[in-house]
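Summary of the model geometry
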Amino acid sequence: MERDKKGGMIGIIVTTIILILLIVFTNTGSKEISIIENIANTLIVPVQNGLTYLKNTLNNNDKFFENVNQLKSENEELKKKKSELEQTLREFEIMKNENDQLKQQLNLAEKYGEYKTVPGTIISRDISNYSKTIVINVGSDNGIQEHMTVIADEGLVGYVVSVTAKTAKIQTIVDSASATSCLASTTRDSMICKGTIENNSVLRANNIATNANIIQGDSVETSGLGGIYIKGIHIGKIKKIVEGTNKTDSYALVEAAVDFEKLETVLVITNQ
């Protein structure tokens, strides 16, 4: 309140001086006005500026501008810290993903401990209607060769069709050009599972014996025949049995155990 009163008094004084000068200017000739204006500008303007500064000081206006500058500085500092935190978060996510992949590889190695395996991470995939292949980040430098079986935690993935020093290309069991010799786990009925163009996760089981008695929901595994896959690797489950006009036309649909669209980590069996 005291500061406001002081500021008000200064305002009254400044206003009074200006009114007096206007009265003087009004009753003076033009030449005399120019002389008086020059004197007024020389003497009064500095005083007026000083009074304005004093008023701003009394009303803390100078501190307002200081606070604005301080806020700008603090805002820039906060932006810098935010950027650093975002970078740290990105690095943490990368480390977390790498750690998750290492855990998956370790779990796979323990699950299939009876085999000698090499872990690999998928670096490219072509899961389209006509081609369902993947590329992993290990190759001949890691002991990978063509025709080696590739597995995941859920079951069979496919086999190696080509290698470079650092990579290997795998034809998955759901590829339409793939054919896998299989057995129904319970009844031990044999069949050939092939990939379909229509679906990325379903196999069509043909060549089922006319006297077979396969069961919907039964597990399907590799038979070991054909010279590609090791016997007993899980493939999936019989999803549906389709009866044809005769027994030779009947077939079954097998849901693949591996989700190929989300698959990230595999094992290549090197001692089959």
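Reference entry: report on the structure contained in this document. Owing to the predicted nature of the structure, the values given are computational and were not obtained by experimental measurement. (Residues numbered from 1 in each chain as written. Predicted model: local features only at pLDDT ≥ 70, side-chain atom pairs only at ≥ 80, totals over all residues. Heavy atoms only, no water.)

1. Structural notes on the sheet that holds strand β4 (residues 156-163)
- A barrel is described by the order of its strands in space; here 6 strands give the closed sequence β1-β2-β5-β4-β3-β12, paired in antiparallel fashion. In this sheet, neighbouring strand axes are inclined to one another by 40 degrees on average, regardless of whether the strands run parallel or antiparallel.
- Inspection of the sheet shows strand β1 (residues 117-127) paired to strand β12 (residues 265-269) by 5 bridges, in the antiparallel sense. For Val118, the partnering residue across the bridge sits in β12 and is Val268. (Pairing = 2+ DSSP bridges. Helix = DSSP H or I, 4+ residues; strand = E, 2+ residues; numbered from the N terminus. Axes fitted to C-alpha atoms, helices over the stretch in contact; angles between N-to-C directions.)

2. With respect to the environment of Gln171
- Examined against the element boundaries, Gln171 turns out to sit in strand β5 (residues 168-172).
- A relative accessible area of 13% places Gln171 in the buried class.
- Excluding its chain neighbours within four sequence positions, the residues that come into contact with Gln171 are Lys132, Thr133, Val157, Gly158, Tyr159, Val161, Ala177 and Ser178. (Buried < 20%, exposed > 50% of the residue type's maximum accessible area, 1.4 Å probe, protein only. Contact = heavy atoms within 4.5 Å.)

3. A look at the sheet that holds strand β10 (residues 234-242)
- The strand order around the closed barrel built from 6 strands is β6-β7-β8-β11-β10-β9, with neighbouring strands paired in antiparallel fashion. Geometrically, the sheet is characterised by an average inter-axis angle of 40 degrees between neighbouring strands, direction not taken into account.

4. Side note on unusual backbone geometry
- Of note in the backbone geometry, His147 takes a positive phi value of approximately 75 degrees without being a glycine.
- Inspection of the secondary structure puts His147 in the loop between β2 (132-136) and β3 (149-151).
- Note on His147: relative accessible area 46%, which makes it partly exposed.

5. Re the pairing of β2
- Within β2, 4 of the 5 residues are buried, which leaves it mostly tucked inside the rest of the structure.
- Across 5 bridges, the pairing between β1 and β2 is antiparallel. For Arg125, the partnering residue across the bridge sits in β2 and is Ile134.
- Two elements, β2 and β5, share 4 bridges in a ladder whose sense is antiparallel. Each residue of the ladder has a partner; that of Val135, found in β5, is Lys169.

6. What about the pattern of salt bridges?
- For the structure on display, the rule yields 3 salt bridges.
- The salt bridge involving Asp141 is made with Lys166; its shortest N-O contact spans 3.2 Å. Of this pair, Asp141 sits in the loop between β2 and β3 while Lys166 is found in the loop between β4 and β5, placing the two residues 25 residues apart along the sequence. Both residues of the pair, Asp141 and Lys166, belong to the exposed class.
- The shortest N-O distance in the salt bridge between Glu255 and Lys239 comes to 3.5 Å. Of this pair, Glu255 sits in strand β11 (residues 251-256) while Lys239 sits in strand β10, placing them 16 residues apart in sequence.
- On the basis of relative accessibility, which here comes to 45%, the residue Lys239 falls in the partly exposed class. (Salt bridge = Lys/Arg side-chain N within 4 Å of Asp/Glu carboxyl O.)

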